[in-house]
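Listed below are the residues making up each chain.
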Amino acid sequence: MDGVGFMQGDAGRTGHGPSPRYVYISPSGPGAFVPQAPAPHRRLLQARIKMAAVAAGKAGSGFPAGSVARAAVLRGYLDRRRSWVGTVAEPGLYVRGAARLRHGVLRDYAAELAVFAGVADGVKLALIGSPDGLGDTSWEALTDHGLDYYLLLYMRRDADRARTDGEEWPGPRYEAAVDSMLRPGVLPAGGARLEFLAKPLFHRAGVLVATPIHVTRST
């Protein structure tokens, strides 16, 4: 795809149709989420984000205009590369889906992790990211979760970078972490129907851990 096609089609829909009701927007940008994109594309994405933020002004969604622009531009870029995007049951480089998820912020000392967890299409799902990505800043930190401090710390690091160092994270540790997140009483009961676009960090039959580009309330 040449630069002209990129500029015409990859801006994201920042001003047409109903605005998504964001719950979470990752603070990480194109460098973390689309490292496979050519460097000129990543520079154009950054330029598009700045342009869209200026055009949006105050988003009125609880999120800064720059965050909303970043989510829209990255979504637009991936919408045009559908072969990269899979489902919860069959993830690709990215995963798009909808599920009823419980969510909150897990804390242990200085380690904090925003978590959206539930079961979708028979898969134990955990979306993890920075609490800075939550639009609602009134979340009460949850400390009774049973997760090791260092596990939280490293999962937060991986979420911020949108990648893992595979040898550091053997599957059983990821799977045990997801089981802990899904245990009754760890996250607030009930949850909400949410939609998400995310980058997988770990996938094994029946378990998926990913870091979200954005999470929205289902329309």
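Coordinates for the structure precede this section.
Conventions we followed
- Residues numbered from 1 in each chain as written.
- Predicted model: local features only at pLDDT ≥ 70, side-chain atom pairs only at ≥ 80, totals over all residues.
- Heavy atoms only, no water.
- Phe/Tyr/Trp six-rings, centres within 6.5 Å; stacked < 30°, edge-to-face > 60°.
- Helix = DSSP H or I, 4+ residues; strand = E, 2+ residues; numbered from the N terminus.
- Buried < 20%, exposed > 50% of the residue type's maximum accessible area, 1.4 Å probe, protein only.
- Salt bridge = Lys/Arg side-chain N within 4 Å of Asp/Glu carboxyl O.
- Pairing = 2+ DSSP bridges.

*Asks:* Before we go on, may I ask you to explain the packing of aromatic side chains in this structure?
*Replies:* All chains considered together, the criterion is met by 7 aromatic pairs. Seen from their ring centres, Tyr-24 and Phe-116 are 5.9 Å apart, and the 75° between their planes marks the pair as edge-to-face. Pair noted here: Tyr-24 is in strand S1 (residues 22–25) and Phe-116 is in strand S4 (residues 111–120), with a separation of 92 residues, a long-range link. We classify Tyr-24 as buried; its relative accessible area is 1%.

*Asks:* Looking at this model, I keep getting lost on unusual backbone geometry. Mind explaining?
*Replies:* For residues besides glycine, phi is generally negative; the peptide bonds are generally trans as well. Here Asp-121, not a glycine, exhibits a phi torsion of approximately 50°, which is positive. Within the fold, Asp-121 resides in the loop between S4 and strand S5 (123–129). Residue classification places Asp-121 among the exposed residues on the basis of a relative accessible area of 63%. You will see that Ala-162, though not glycine, has its phi angle at about 60°, which is positive. Tracing the sequence through the fold places Ala-162 in the loop between helix H5 (149–161) and helix H6 (171–182).

*Asks:* Is there a simple way to think about the pattern of salt bridges in this case?
*Replies:* Counting across every chain of the model gives 7 salt bridges. Residues Asp-79 and Arg-96 are paired through a salt bridge, measuring 2.7 Å at the closest nitrogen-oxygen approach. Of this pair, Asp-79 sits in helix H4 (residues 65–79) while Arg-96 sits in strand S3 (residues 94–108), and the two are 17 residues apart along the sequence. When its relative accessible area of 34% is taken as the criterion, Arg-96 is described as partly exposed. A salt bridge links Arg-157 to Asp-158; the shortest N-O distance between them is 3.0 Å. Accessibility expressed as a relative area gives 23% for Arg-157, which makes it partly exposed. We classify Asp-158 as buried; its relative accessible area is 0%. Taken together, the shared-partner salt bridges in this structure form one network comprising Arg-157, Asp-158 and Arg-161.

*Asks:* Explanation requested: the pairing of S4 in the structure shown.
*Replies:* Within a regular beta strand, the side chains point alternately toward one face of the sheet and then the other, so they alternate between its two faces. The buried fraction of S4 amounts to 8 of the 10 residues, a majority that puts the element mostly inside the structure. Strand direction decides the pairing type here: S3 and S4, joined by 7 bridges, are antiparallel. Paired with Arg-102 across the bridge in S4 is Ala-117. Taking the residues between adjacent antiparallel strands as the criterion, S3 and S4 are bridged by 2 residues, where Tyr-109 takes a positive phi near 55°. Pairing geometry for S4 and S5, over 7 bridges, is antiparallel. Paired with Ala-117 across the two strands is Ala-126, which belongs to S5.

*Asks:* I'm lost on the pairing of strand S7 (residues 192–204) in this one. Help?
*Replies:* Sheet analysis places S3 next to S7, joined by 7 bridges and oriented antiparallel. Bridged to Leu-101 within S7 is Ala-192. When S7 meets strand S8 (residues 207–217), the two strands line up antiparallel, connected through 10 bridges. Counterpart to Phe-196 in the pairing with S8 is Val-215.

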